[in-house]
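Structural overview
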Amino acid sequence: MNINVEGFHSNRLHLQTIIEKFDPDFITLQETWLFKYQTSDIDKHFPNYNSASKSVDDEDPFIPYKAPRGYGGISTLWKKSITGVTVHPDSTNRILTVEHEDLAITNVYLPCRGTYSHQEYCEEIDKLTERSTQQDGSKHIILGDFNIDVIKQNDRRARYFKDFITDFELRDLKSDQKNTFHDKAGRFDSRIDYIFFN
């Protein structure tokens, strides 16, 4: 199950309802808006799951009383009954991979258009390329918020992303092309969340 939660604390109860209803083995979350000192909250509220989280302040943690409003962040959860799950050591605050037997699940939250440059976006795609190369021979699921609509956009950034999909022969699980992002003011919709597999 993949959810762009847009704030773990503010949407925790809704998330609990979804998890209780569907009882997923693995859950990937984007935009948790949790800082490093807050990531243990996931384990506290979901005691039947183990989790791995990455935050924007992993490299330089905020002091709690000086922390700004939360932003970014990704987490992957798996049922405690599933043993042998490992977290890929090269995971970053935008790309988090967990591995179980011959399956790798890569949770992604890539830079959005207005805030980050084309170069920064491509650097993250390059990290995904490296990760995908390392998964040769394994089943690989890459999912999350890619912050790009490959149908509506055809700029350098979109072409770089499309090349990545083609190079690794990734298939889109959700082939109906329905929008996954809806602007809260109702101004526009787009499809920026994907689930790819090889």
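Computed from a predicted model, the values in this text were never measured in an experiment.

Here is what the cut-offs are and how they apply
Residues numbered from 1 in each chain as written. Predicted model: local features only at pLDDT ≥ 70, side-chain atom pairs only at ≥ 80, totals over all residues. Heavy atoms only, no water. Pairing = 2+ DSSP bridges. Helix = DSSP H or I, 4+ residues; strand = E, 2+ residues; numbered from the N terminus. Contact = heavy atoms within 4.5 Å. Axes fitted to C-alpha atoms, helices over the stretch in contact; angles between N-to-C directions. Buried < 20%, exposed > 50% of the residue type's maximum accessible area, 1.4 Å probe, protein only. Parallel < 35°, antiparallel > 145°, perpendicular 65-115°, else oblique. Nonpolar A, V, L, I, M, F, W, Y, C, P; charged D, E, K, R; others polar. Expected span 1.5 Å × (residues − 1). Arc of directions from axis to C-beta.

**Some words on the sheet that holds strand 7 (residues 103-109)**
Taken together, the six strands give an open sheet; going across it, the order is 5-6-7-8-12-9, and neighbouring strands pair in mixed fashion. Strand pairing shows two members of the sheet lacking a second neighbour, strand 5 (86-87) and strand 9 (171-172), which therefore form its edges. Sheet topology note: the strand 5/strand 6 (residues 95-100) ladder contains two bridges and is antiparallel. Each residue of the ladder has a partner; that of Val87, found in strand 6, is Val98. Contacts between helix 3 (residues 118-134) and the sheet are confined to strand 6, strand 7 and strand 8 (139-145), with strand 6 contributing the most and set at about 15° to the helix.

**A short note on the pairing of strand 6**
On a regular strand, one side chain projects to one face of the sheet and the next to the other, so that they alternate. Buried residues dominate strand 6, accounting for five of its six residues. Sheet analysis places strand 6 next to strand 7, joined by six bridges and oriented antiparallel. When the sheet's bridge partners are listed, Thr97 is paired in strand 7 with Thr106. Joining the antiparallel neighbours strand 6 and strand 7 is a turn of two residues, in which Glu101 adopts a positive phi near 55°.

**Points about the sheet that holds strand 2 (residues 26-30)**
The sheet built from four strands is open, its strands ordered 1-2-4-3 with mixed pairing. The sheet is open, and its two borders are formed by strand 1 (2-4) and strand 3 (49-54), each paired with just one other strand. Taken over all neighbouring pairs, the strand axes of this sheet differ in orientation by 15° on average, direction set aside. Sheet analysis places strand 2 next to strand 4 (residues 74-79), joined by five bridges and oriented antiparallel. Residue Gln30 lies in a different strand from strand 4, and its bridge partner there is Ile74.

**Structural notes on the packing of helix 3 against helix 4 (residues 156-167)**
The geometry of helix 3 relative to helix 4 is characterised by a closest axis approach of 10 Å and an angle of 5° between their N-to-C directions. One way to sum up the angle between helix 3 and helix 4 is to call them roughly parallel. Counted together, His118, Tyr121, Cys122, Ile125, Asp126, Leu128, Thr129 and Ser132 of helix 3 and Arg156, Arg157, Tyr160, Phe161 and Phe164 of helix 4 form the full contact between these two elements. A class-by-class count of the residues in the contact of helix 3 with helix 4 yields seven nonpolar, three polar and three charged.

**Re the environment of Glu6**
Tracing the sequence through the fold places Glu6 in the loop between strand 1 and helix 1 (8-22). Judged by relative accessible area, Glu6 falls into the partly exposed class, the value being 27%. In this structure the C-alpha to C-alpha distance between Glu6 and Thr32, which are 26 residues apart in sequence, comes to 6.0 Å.

**Here we look at helix 4**
For an α-helix the count is 3.6 residues per turn, leaving residues at separations of three or four pointing the same way. Between its terminal C-alpha atoms helix 4 stretches 16 Å, which fits the 16 Å expected from twelve residues at 1.5 Å a residue. Taken residue by residue, helix 4 has Arg157, Ala158, Phe161, Phe164 and Ile165 as its buried positions. Down the axis, helix 4 shows its buried residues gathered within 120° of arc, on one side only. Among the exposed residues of helix 4, those oriented more than 90 degrees off its buried face are Arg156, Thr166 and Asp167. Residues of helix 4 that are buried sit in contact with helix 3, strand 8 and strand 12 (193-197).

**Focus: the environment of Leu103**
Inspection of the secondary structure assignment puts Leu103 in strand 7. As a C-alpha pair, Leu103 and Val85 span 18 residues in sequence and 9.7 Å in three-dimensional space. Aside from chain neighbours lying at most four places away, what touches Leu103 is Val98, Lys139 and Ile141.

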